[in-house]
Amino acid sequence: MNNNFPAIRPRRLRKSPSLRTLFQETAFTLDDLVLPVFVEEETSDFAEIATMPGVLRIPESKLAYEIERYARAGIRSVMTFGISHHMDATGSDTWSENGLVARMARICKDTVPEMIVMSDTCFCEYTTHGHCGVLHDHGVDNDATLINLGRQAVNAAAAGADFIAPSAAADGQVRAIRHALDTAGFSETAIMAYSTKLASSLYGPFREAGGSVLQGDRKQYQMNPLNRREAVRESLLDEQEGADALMVKPAGTYLDMISDIRAASKLPLAAYQVSGEYAMIKFAARAGAIDERKVVRETLGAIKRAGADIILSYFAMDIAENGVDY
Ligand code: PBG
Ligand code: ZN
């Protein structure tokens with residue numbers, strides 16, 4: 001044999017679609033996906049979000065219809081975000097029995113009881129200042145916010161939410177919520193913590209979608225994106241505090257953190273492909289620069305490969321209707 005030719009040829013396993021599929025290490029399916037939804041009160045029309053083409057704000061009056069449509073398409077789980085018309089300094093609508101957080105959970109569970117409802121648990125969409133908690137002179141007051149997180153969590157659980165998903169980035173939020181839930185008799189309600197939440201610039205389109213009134217940034221409470229060790233520490237703290245599942249957010253630019261946390265914890269791990277990641281793909285595809293469906297498959301596949309079990313993505317409904325493009 002001519003020594004200049006290789007004996008080892010990885011191409012042997014790439015020759016045909018069947019071979020490539022047989023030897024593919026990672027796959028994701030609709031079963032892994034959670035669809036985030038934006039629900040606006042006191043309006044009767046769907047509204048387009050200019051920075052998130054294809055995503056609509058759902059009027060509360062049409063939420064039941066939408067949930068049925070998602071369920072029929074094969075979506076198993078949604079994460080609910082409210083667009084409030086009842087903001088105040090603390091976001092008190094979130095712990096009102098008839099507030100938007102409670103109504104969203106009730107509508108979803110009443111319409112499709114088997115739909116897994118995750119209630120995003122924060123205040124930024126319900127506060128007049130747009131911060132994720134109680135604002136004091138020097139920023140968000142961590143411990144005052146914990147008390148309100150407990151109230152909101154109990155309210156959402158009473159309305160039927162399956163998961164409380166705290167995204168306020170408050171220290172001790174999982175412990176405070178677990179304690180509040182257990183004390184109120186909701187020991188069966190689970191917590192999916194936004195355990196490693198970065199102070200990312202990829203949330204811009206979401207803030208537009210939610211009509212955010214935020215001035216400044218969230219760097220005093222969300223994590224520095226350049227801290228890989230701290231990312232693991234944050235998630236492990238939430239595990240110790242009693243989280244049922246962990247999350248990294250955003251996803252695609254933090255695959256190292258997903259991989260590290262996967263290795264450091266046995267808990268289920270979610271990753272959130274956020275609005276900016278969605279927008280980058282949509283706008284590049286619209287400009288003809290990339291093939292949207294192939295890039296969706298590649299990016300969600302990468303998030304899965306890095307170690308995420310569950311992915312929150314605005315593409316979930318598209319995948320439900322059209323499948324994954326191989
Ligand atoms: C804040 C929150 C954010 C998102 C959901 N809830 C981030 C932020 O505004 O700081 C972003 C989701 C997305 O961009 O898709 N509690
Ligand atoms: Zn928030």
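First things first, this report covers the structure right here in the doc. Bear in mind the structure is a predicted one, so any value in this text is a computation, not a measurement.

1. Some remarks on the overall build of the protein chain
Here's step 1: Along the backbone of the protein chain there are eleven helices and 13 strands.
Here's step 2: Expressed as lengths along the three principal axes of its C-alpha atoms, the size of the protein chain is roughly 80 × 40 × 40 Å.
Here's step 3: Going through the 326 residues of the protein chain one by one, you find that 51% of them count as buried.
Here's step 4: Per element, the accessible surface of the protein chain, about 15300 Å² overall, is 50% carbon and sulfur.
Here's step 5: Side-chain charges of the protein chain comprise 34 positive and 43 negative groups, with the mean position of each set lying 11 Å from the other.

2. Some words on the packing of aromatic side chains
Here's step 1: Within the structure shown, the criterion is met by ten aromatic pairs.
Here's step 2: Consider the rings of Phe-81 and Tyr-272, whose centres lie 6.5 Å apart with planes at 50°: the pair is tilted. Note that Phe-81 is positioned in strand E4 (residues 77-83) and Tyr-272 in strand E12 (residues 269-273), a separation of 191 residues in sequence.
Here's step 3: Looking at Phe-81, the relative accessible area reads 2%, which means it is buried.
Here's step 4: Its relative accessible area of 1% is what places Tyr-272 among the buried residues.

3. A few points about the coordination of the zinc ion (ligand 2)
Here's step 1: The coordination sphere of the zinc ion (ligand 2), as far as protein atoms go, consists of Cys-122 (SG), Cys-124 (SG) and Cys-132 (SG), spread over 2.2 to 2.3 Å.
Here's step 2: One can describe the site at the zinc ion (ligand 2) as tetrahedral: its four donor atoms subtend angles covering 97 to 123° at the metal.
Here's step 3: Counting residues between consecutive donors of the zinc ion (ligand 2) along the chain gives the motif C-x1-C-x7-C. Each of the two residues, Cys-122 as well as Cys-124, counts as buried.

4. Details of the site of ligand 1
Here's step 1: The full set close to ligand 1 counts 16 residues, and Arg-207, Arg-218, Lys-249, Ser-275 and Tyr-314 are the nearest of them.
Here's step 2: In the environment of ligand 1, an oxygen atom lies 2.8 Å from a nitrogen or oxygen atom belonging to the side chain of Gln-222.
Here's step 3: Contact with the protein chains removes 100% of the 400 Å² of surface that ligand 1 exposes when unbound.

5. Thoughts on helix H3 (residues 100-111)
Here's step 1: An ideal rise of 1.5 Å per residue puts 16 Å on twelve residues; H3 measures up with 16 Å between its terminal C-alpha atoms.
Here's step 2: Where burial is concerned, most of H3 is hidden: nine out of the twelve residues are buried.
Here's step 3: When H3 is considered as a whole, its buried residues turn out to be Leu-100, Val-101, Ala-102, Arg-103, Met-104, Ala-105, Ile-107, Cys-108 and Lys-109.
Here's step 4: Buried positions along H3 lie against strand E1 (33-40), helix H2 (63-73), E4, strand E5 (116-121) and helix H4 (142-158).

6. Things to note about helix H5 (residues 173-183)
It helps to recall that an α-helix has 3.6 residues per turn; residues three or four apart then point in one direction.
Here's step 1: Along H5, the residues that are buried comprise Gln-173, Val-174, Ala-176, Ile-177, Arg-178, Ala-180 and Leu-181.
Here's step 2: Of the surrounding secondary structure, the elements contacted by the buried residues of H5 are E5, H4, strand E8 (163-166), strand E9 (190-191) and helix H7 (228-240).
Here's step 3: Where H5 ends, the next residue or the one after it, Gly-185, has phi of about 90°, a positive value.

7. What about the nonpolar core?
Here's step 1: One finds Phe-38, Tyr-70, Ile-75, Val-78 and Met-79 to be the most contacted residues of the largest nonpolar core, which totals 96 residues.
Here's step 2: Tallying contributions element by element places H3 first for this core, with seven residues.

The rules behind each value
Residues numbered from 1 in each chain as written. Chains lettered and ligands numbered in written order. Predicted model: local features only at pLDDT ≥ 70, side-chain atom pairs only at ≥ 80, totals over all residues. Heavy atoms only, no water. Helix = DSSP H or I, 4+ residues; strand = E, 2+ residues; numbered from the N terminus. Buried < 20%, exposed > 50% of the residue type's maximum accessible area, 1.4 Å probe, protein only. Areas by Shrake-Rupley, 256 points an atom, 1.4 Å probe, with all protein chains shown as cover. Lys, Arg positive; Asp, Glu negative; His and termini not counted. Charge placed at Lys NZ, Arg CZ, Asp CG, Glu CD. Phe/Tyr/Trp six-rings, centres within 6.5 Å; stacked < 30°, edge-to-face > 60°. Donors = N, O, S within 2.8 Å, 3.2 Å for Na, K, Ca; no water. Tetrahedral: all angles 85-135°; square planar, octahedral: opposite > 155°, others 65-115°. Near = heavy atom within 4 Å. Polar contact = N/O pair within 3.5 Å; in protein donor to acceptor, adjacent residues only side chain to side chain. Expected span 1.5 Å × (residues − 1). Contact = heavy atoms within 4.5 Å. Core = buried A, V, L, I, M, F, W, Y, C linked by side-chain atoms within 4.5 Å.

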